[in-house]
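# Examination of the molecular architecture
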Amino acid sequence: MALLEVKELDVSLSTAMGPARAVRNLDIILEKGQTLGIVGESGCGKSMTALALMGLLPENGTTSGEILMNGEDLLVKSEKEMCKIRGNRMAMIFQEPMTSLNPVHTVGRQIMEPLRLHRGLSKKDAFTEAVNLMERVGIPNPSERVRNYPHQLSGGQRQRVMIAIALSCSPDILIADEPTTALDVTIQDQILELIQNLVKEEGMSLILISHDLGVIAENTDKVLVMYGGTVVESGATDQIFGNLTHPYTQGLFAAMPKLGMGRNGRLTTIPGTVPDLINLPTGCTFTDRCPLATSECRNTVPVAFSLEAAHKVSCHHLDQAIEARGEGLYK
Amino acid sequence: MSKTVLKVTDLVRHYPLPKESLFAAPKFVYALNGVSFEIKEGKSFGIVGESGCGKSTLARNVMALEETDSGSVQILGEEVVGKSFNELRPLRQHFQMVFQDPYGSLDPHHNVGRIVAEPLAAIGNLPKREKEERVAEVLSSVGLKPTDVGKYPHEFSGGQRQRIAIARALITRPELIVADEPVSALDVSVQAQVLNLLRDLQDSFGVTYMFISHDLAVVEYLCDEVAVMYLGSIVEKGRTEDLFAAPAHPYTGILLDAVPKPAAGKKRDRIRLSGSVTGQTEKRNGCAFQDRCPMVDDRCKRETPMLKEVSPDHFAACHFSKEMMARAASV
């Protein structure tokens, strides 16, 4: 049995203009020790997926489907039961370390909180453990830093504190939502290496969410590419980056400036903007921006087609998309 | 010989820190320690570095948005430093700025027409007809509709807002545009659109860009020349292709290595940088990068390396620039 199995997850948010379907028909299988990447642009549903897994959706959010962790469905659990799982068996690192830490408590106190709550440590033991954790995530002088407030730490160090909090109860699953987006490349490098090492040491599973294809390519085993709330392409990281297939994945990759490309080429742009989640097209969500779109795309939802083992693509015009890999779809 | 649009010489800016006691010696944040460079007409000059290296301070000083301690900034041969607000006002039509956050830089209470027309006030009284014509013209050149003038910023997406900000900078037909991280807040596919727009505008209007970014791939795509900053000084500058192909300063090499590459096959061997940028508040002997440099030796702690020419038009401030370049050539 897989550690985490998500089946046909739907998340919708009720808004004044009608329900916004943030996530549709999402399936995830995550084994112990595996690293899964979710990549996509803003509004594609990647953060909502993470919040749904953690049971932290905003109040106007409703879910259907199943989130099975060790066979137990998290969606039917009460808030009280979720409190025991959240931060304990499943923990999350957020994008903005400044806003996710409480500015009026010392970082030590914030690391101690889950230790006392979930592991039932005494104040003294929790303090010692907090210092140990800070040392483990590479904060210099942990015994002094433990008394610092978040504003006294740099961005990278704050993110290390977040990791220490997430790590405090040795969770089975760590969800990192854009953990390095607000950081410099050099600090990003350090934080990603830290997360990788800790995940390996603890045997944790990691869900890494990012808009950066580079970060995903270097740090994951499996990838889901999301667009407009659904998965358009999924598979092993090497398969996907070796054979970009879905028109959206191809476009996203071509739109990204890459080192060594120089000034000669011109960046590909995907015309249009991300779809409105309230008035989604009936067929494929990418129809309006896709160079291969036909009336079939507009009216019927494409089913996931297996290209090779585990590499799945949801597109009506798979053959044309594969053919276009070389010369580029967007001209 | 094309003319020089921007010439910065020995620019120094130190921010005083609050005194710890009445008798304590005053302390400073050494944000800029003598920066010099030149940008020729129609060229793009990139400035890269980690947060805290002085990139944004440099932009604010070039734009004469704050007091400069010493040094000179000449825009089209005209000295900007030391001029009063009223003296600067007629000059401002020649240099305009685009900011990072398209959500914070547009006044939500003003419609697009008013936002875009605002810099025209610096030119003096234009007839209403001409103002409207220029707004319509500049909006269509950034890919917006002239009918958008009556709309408000919240009706636009992030990429469109950045287009409005670019239109506002273009309306006075400036020779120089200073862009401080103009695409960092945007999604990959939208970022590509804005980058292509910036390039097209340069081709059609011949504007000169001073482009600040932490994203090296973006700088490579857009800039003819690039300067790498560390702790308030330029440590390396040169033509983009030379500098990226054979970095002569270890810091440039490490920055380039830290960028995650979106390709199949992960984990590269590389030198990782430990720690973060520190030492803005101290003045000390030797190289600013000595604490984090993998090649550091005694000489770096004694002698401050000067910016010297390592190959034609390629300057680096490192005692070991020859070794660095030899290493790059051997790979």
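Residues numbered from 1 in each chain as written. Chains lettered and ligands numbered in written order. Predicted model: local features only at pLDDT ≥ 70, side-chain atom pairs only at ≥ 80, totals over all residues. Heavy atoms only, no water.

Let us look at the packing of aromatic side chains. Under the defined criterion, the tally for this structure stands at eight aromatic pairs over all chains. Centroid distance Y227 of chain A to Y248 of chain A: 4.5 Å. Interplanar angle 50 degrees. Geometry classified as tilted. Taken together, the residues Y227 of chain A in strand β9 (residues 222-227) and Y248 of chain A in helix α11 (residues 247-255) connect sequence positions 21 residues apart. Y248 of chain A matches Y227 of chain A in its accessibility class, with the two residues each being buried. Taking 5.0 Å as the distance between ring centres and 80 degrees as the angle between the ring planes, the aromatic pair formed by Y230 of chain B and F289 of chain B counts as edge-to-face. Here Y230 of chain B, found in strand β9 (residues 225-230), pairs with F289 of chain B, found in the loop between α9 (250-258) and α10 (298-302); they are 59 residues apart in sequence, far enough to count as distant. The structure contains a cluster of three or more aromatic residues connected by ring pairs, namely Y227, Y248 and F286 of chain A. Taking the ring centre of F253 of chain A as reference, the NZ or CZ of K258 of chain A above it sits at 4.4 Å. Of note, K237 of chain B hangs over the ring of F315 of chain B, and the distance from its end group to the ring centre comes to 5.7 Å. (Phe/Tyr/Trp six-rings, centres within 6.5 Å; stacked < 30°, edge-to-face > 60°. Helix = DSSP H or I, 4+ residues; strand = E, 2+ residues; numbered from the N terminus. Buried < 20%, exposed > 50% of the residue type's maximum accessible area, 1.4 Å probe, protein only. Lys NZ or Arg CZ within 6 Å of the ring centre and 35° of its normal.)

Attention now moves to the confidence of the model for chain B. It should be kept in mind that the predicted coordinates are not to be read in detail where pLDDT is low. On average, residues of chain B carry a pLDDT of 88, and 97% of them reach 70 or more. Taken together, the chains of this predicted complex give a pTM of 0.87 and an interface ipTM of 0.82. (pLDDT = per-residue confidence, 0-100.)

For α9 of chain B, the buried fraction is high: eight of the nine residues fall into the buried class. On its buried side, α9 of chain B packs onto α8 (185-202) of chain A together with α7 (216-222), β9, β10 (233-239), α8 (240-245) and α11 (321-330) of chain B. (Contact = heavy atoms within 4.5 Å.)

Moving on, we get to unusual backbone geometry. All names here are of chain A. Of note in this structure, N70 is not a glycine but carries a positive phi near 50 degrees. Here the phi dihedral of N141 falls at roughly 50 degrees; this positive angle occurs in a residue that is not glycine. Along the chain, N141 turns up in the loop between α5 (123-136) and α6 (142-145).

Our focus in this paragraph is the packing of helix α4 (residues 107-118) of chain A against helix α7 (residues 155-167) of chain A. All names here are of chain A. The contact between α4 and α7 brings their axes to 8 Å, and the two run at 20 degrees. The orientation of α4 with respect to α7, classified from their angle, is roughly parallel. For the pair α4 and α7, the sense of crossing is right-handed. Together, V107, Q110, I111 and P114 of α4 and V161, A164 and I165 of α7 make up the contact between the two elements. A per-class count over the contact of α4 with α7 returns six nonpolar, one polar and no charged. (Axes fitted to C-alpha atoms, helices over the stretch in contact; angles between N-to-C directions. Parallel < 35°, antiparallel > 145°, perpendicular 65-115°, else oblique. Left-handed = near helix turned anticlockwise from the far one by under 90°. Nonpolar A, V, L, I, M, F, W, Y, C, P; charged D, E, K, R; others polar.)

Right, let's get into the interface of chain B and chain A. Each partner contributes to the interface: chain B provides 45 residues, whereas chain A provides 45 residues. Each partner contributes to the roughly 3,800 Å² buried at the junction of chain B and chain A, and carbon and sulfur atoms together form 52% of this total. Connecting chain B to chain A are one salt bridge. Here R266 of chain A ties to D200 of chain B by a salt bridge, and the two come within 3.0 Å at their closest N and O atoms. In this structure, the connection of chain B to chain A is made through eleven residue pairs in polar contact (both at pLDDT 80 or more). Looking at the side of chain B that touches chain A element by element, the count peaks at ten residues for helix α6 (residues 188-205) of chain B. For the side of chain B that touches chain A, the class distribution of residues is 20 nonpolar, twelve polar and 13 charged. (Buried area = accessible area lost by both parts, 1.4 Å probe. Salt bridge = Lys/Arg side-chain N within 4 Å of Asp/Glu carboxyl O. Polar contact = N/O pair within 3.5 Å; in protein donor to acceptor, adjacent residues only side chain to side chain.)

The subject of this paragraph is the packing of α7 of chain A against α8 of chain A. Residue and element names in this part refer to chain A. The interhelical angle for the contact between α7 and α8, taken along N-to-C directions, is 15 degrees, at an axis separation of 10 Å. Here α8 runs roughly parallel to α7, going by the angle between their axes. Relative to α8, α7 is oriented so that their crossing is right-handed. Contacts from G156, Q159, R160, I163 and L167 in α7 reach I187, Q190, I191, L194, I195 and L198 in α8. Within the contact of α7 with α8, the residues separate by chemical class into seven nonpolar, three polar and one charged.

Residues and elements named next belong to chain A. Within strand β10 (residues 230-236), six of the seven residues are buried, which leaves it mostly tucked inside the rest of the structure. Note that β9 and β10 share six bridges and pair antiparallel. Following the sheet pairing, V223 is matched in β10 by G235. Counting the residues between successive antiparallel strands, the hairpin from β9 to β10 contains two residues, one of them, G228, with a positive phi of roughly 55 degrees. Note that β10 and strand β12 (residues 311-314) share two bridges and pair antiparallel. Bridging across to β12, S234 finds its partner in K312. (Pairing = 2+ DSSP bridges.)

On to the sheet that holds strand β5 (residues 72-73) of chain A. All names here are of chain A. Taking strand neighbours across the sheet as the criterion, the four strands line up as β2-β1-β4-β5 in an open arrangement whose pairing is antiparallel. With partners counted over all chains shown, the strands left at the sheet margins are β2 (18-30) and β5, one partner each. The pairing of strand β1 (residues 4-15) with strand β4 (residues 61-69) spans eight bridges and is classified as antiparallel. Bridge pairing links K7 to E66 in β4.

Another aspect to go through is the pairing of strand β11 (residues 308-311) of chain B. All names here are of chain B. As paired elements, β11 and strand β12 (residues 314-316) share three bridges and run antiparallel to each other. Residue pairing for β12: S311 is matched across the bridge by H314. Linkage of β11 to β12, two consecutive antiparallel strands, is achieved through a turn of two residues, within which D313 is found at a positive phi near 60 degrees.

Right, let's get into the pattern of salt bridges. Side-chain pairing between opposite charges can occur once the charged atoms of the two side chains come close. Summed over all chains, the structure comprises 25 salt bridges over all chains. For D288 of chain A, the salt bridge goes to R298 of chain A, with nearest N and O atoms at 3.2 Å. Taken as a pair, D288 of chain A in the loop between α11 and α12 (295-299) and R298 of chain A in helix α12 lie far apart in primary sequence, ten residues in all. Judged by its relative accessible area of 57%, D288 of chain A is exposed. The partner of E50 of chain B in a salt bridge is R292 of chain B, and the shortest N-O contact between them spans 3.0 Å.

All right, on to the domain arrangement of chain A then. All names here are of chain A. Per the domain assignment, the segments making up chain A are domain 1 (4-220) and domain 2 (245-323). Look at where the C-alpha atoms of domain 1 and domain 2 centre, and you get two points 29 Å apart. Contact with domain 1, which involves 15 residues of that partner, is made by ten residues of domain 2. Considering only the surface of domain 1 that becomes buried against domain 2, R24, E41 and L213 emerge as the three largest contributors, covering 47% of it. On the surface where domain 1 and domain 2 come into contact, there are zero salt bridges. (Domains from an automatic or database assignment.)

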